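Survey of secondary and tertiary structure
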Amino acid sequence: MTKFTDLGLGPKVLKAVEAAGYDTPTPIQAGAIPPALEGRDVLGIAQTGTGKTASFTLPMITMLSKGRARARMPRSLVLAPTRELAAQVAENFDTYAQGSKLTKALLIGGVSFKEQEQLIDRGVDVLIATPGRLLDHFERGKLLLTGVQVMVVDEADRMLDMGFIPDIERIFELTPFTRQTLFFSATMAPEIERITNKFLSNPEKIEVERQNTTSETITQILVKHTPKRRDMSAKDKREILRAIIERDAEACKNAIVFCNRKVEVDVVAKSMKKHGLDAAPIHGDLDQSQRTATLNAFRDGSLRFLVASDVAARGLDIPDVSHVFNFDVPSHSEDYVHRIGRTGRAGKTGVAYTIAVPSDEKYLDGIERLIGKPIPEGDNPWTPPGRRGDDAQEKEAAEDDKPKRTSRSRSRSRKSEDPQQAAPETNAPDAEAEVRDAEPARDARGGRRSRRGGGDDRGRGGRDDGPRVKGLGDHVPSFIEMSFEDRLSEAG
Ligand code: AMP
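Our subject in this report is the structure included herewith. Bear in mind the structure is a predicted one, so any value in this text is a computation, not a measurement.

**Some words on the packing of aromatic side chains**
- Under the defined criterion, the tally for this structure stands at three aromatic pairs.
- Pairing F172 with F199 gives two aromatic rings, centres 4.3 Å apart and planes at 5°, and the pair type is stacked. Of the two residues, F172 is situated in helix α8 (residues 165-174) and F199 in helix α9 (residues 190-199); the sequence distance between them amounts to 27 residues.
- When its relative accessible area of 1% is taken as the criterion, F172 is described as buried.
- Residue classification places F199 among the buried positions, given a relative accessible area of 10%.
- Centre to centre, the rings of F325 and Y353 are 5.5 Å apart; their planes meet at 5°, and the pair counts as stacked. Highlighted residues: F325 in strand β12 (residues 323-326) and Y353 in strand β13 (residues 350-356), separated in sequence by 28 residues. In terms of burial, F325 and Y353 fall into one category: buried.
- If you follow R133 out to its NZ or CZ, it ends over the ring of F113, 3.8 Å from the centre.
- Geometry around F327 places K237 over its ring, the cationic atom sitting 5.0 Å from the centre.

In structure tokens, the structure reads:
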């Protein structure tokens, strides 16, 4: 079996790897490190969790140990799609570059330009950046990319999702033609293929097994629910989430709760907190210092529930998560695999719940096709109050059987029987949450509101933004239909 000592890495790096407790390289490391050390371009088709970060940081540290950085001219560049991933790469450098005198700078949004500029001015060996922030610095004339000898593009497929590909192309063009490129992507979409053909030169291609299979250590459970009305599904799902957490009790040591939209992330976190659960949100619109603090609290165990969007949580290395909840079924099947892969890591067991409503059916089909098996259905521990037959909606249903009245009187009485009107939400934050659930996503679809200097993890058509609800959405209040019918019959 290949050992780290067989790969040609420098002695200081090997010592740091040993200190980190690793002796056997993962397949992507065994495949990528030797050609990288030879100066060849590498195309790694690998997902997060495969050890791919070390597959580029280790050879880079070895290669950069010779030579010195010059002011404003970084010798190497690592591009990552989100601030958290960039910060994670920086941590990897800190771990493995101990003992090597390499300097690094992290250029991410939400951090002051001044501090970052001072570091660049002094000269850095490794520059780790999100694409938007890097171009900001470049445009301010504070940075020259002509000294870049090694350029890494990490999570290229996520860059594509986030609309960063034009930025990446521009950055490629600003670096010397002779640079070495180490390029990583989980999938090879046609657009990714196009840029690798354009910018990589005879790369060594290493493909590690696609993670379309889910780990055997994860127990997957599907909890299906049919809300009485479609616009009640978010509120019902919050009830179900709490009921599962209560049922699993201590077995649910900690959890990541995934939502499809940033608004939903906020609503769910707020609602959980209100119900006494220790939860905090993480998504691209939050202040960087807050995101870092939340993440650190979750990592060190002082925060039990992390409510997250896909973009914010993508690739985060958080060991030891007992539960994952898909509060929303992800619309992209691969996100399901990524999400549930946050638990059951390194041979540990984990539980992944997916809460689904009827409108999720087509996404569930896609997920089950991808993972090649159905997600086993489990019990729904929550009983809606309506099932006890004593709420306003039951009365409303009974009302449907009564003889018809005139359109005006009916319309009026209908309104007064509307559960929203007859029984106003007493649960204030949840009531507010309900209103926000029905709101369209505030971000414009297909456009970052402020790409420069804002959240780097928002892109054109970024998945975090979610679909906009048009007009009334799919829900048409029943009183509208009723009065229309009545008018028709009157006209007839
Ligand atoms: P990555 O895919 O880079 O996000 O790495 C996923 C996790 O694997 C991280 O926690 C790494 O510290 C860990 N890791 C990296 N290389 C190895 C290795 N050779 N053996 C065991 N774990 C590793």
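Structure shown, so let's carry the discussion forward.
**So, the pairing of strand β2 (residues 76-79)**
- By the alternation rule, side chains of β2 split into S76 and V78 and L77 and L79, which are all buried.
- With four bridges connecting them, β2 and strand β4 (residues 126-129) associate as parallel partners. Within β4, the residue paired with L79 across the bridge is A129.
- Here β2 runs beside strand β5 (residues 150-153); their pairing, made up of four bridges, is parallel. Counted as the bridge partner of V78 is V152 from β5.

**Observations regarding the sheet that holds β4**
- If you walk across this open sheet you meet the seven strands as β3-β4-β2-β5-β6-β1-β7, and the pairing is parallel. Single-partner strands in this sheet number two, and they are β3 (104-107) and β7 (204-207). Strand-to-strand twist in this sheet, taken as the mean axis angle between neighbours without regard to direction, amounts to 10°.
- Bridge count between β3 and β4: four bridges; the pairing is parallel.

Basis of the calculations
Residues numbered from 1 in each chain as written. Predicted model: local features only at pLDDT ≥ 70, side-chain atom pairs only at ≥ 80, totals over all residues. Heavy atoms only, no water. Phe/Tyr/Trp six-rings, centres within 6.5 Å; stacked < 30°, edge-to-face > 60°. Helix = DSSP H or I, 4+ residues; strand = E, 2+ residues; numbered from the N terminus. Buried < 20%, exposed > 50% of the residue type's maximum accessible area, 1.4 Å probe, protein only. Lys NZ or Arg CZ within 6 Å of the ring centre and 35° of its normal. Pairing = 2+ DSSP bridges. Axes fitted to C-alpha atoms, helices over the stretch in contact; angles between N-to-C directions.

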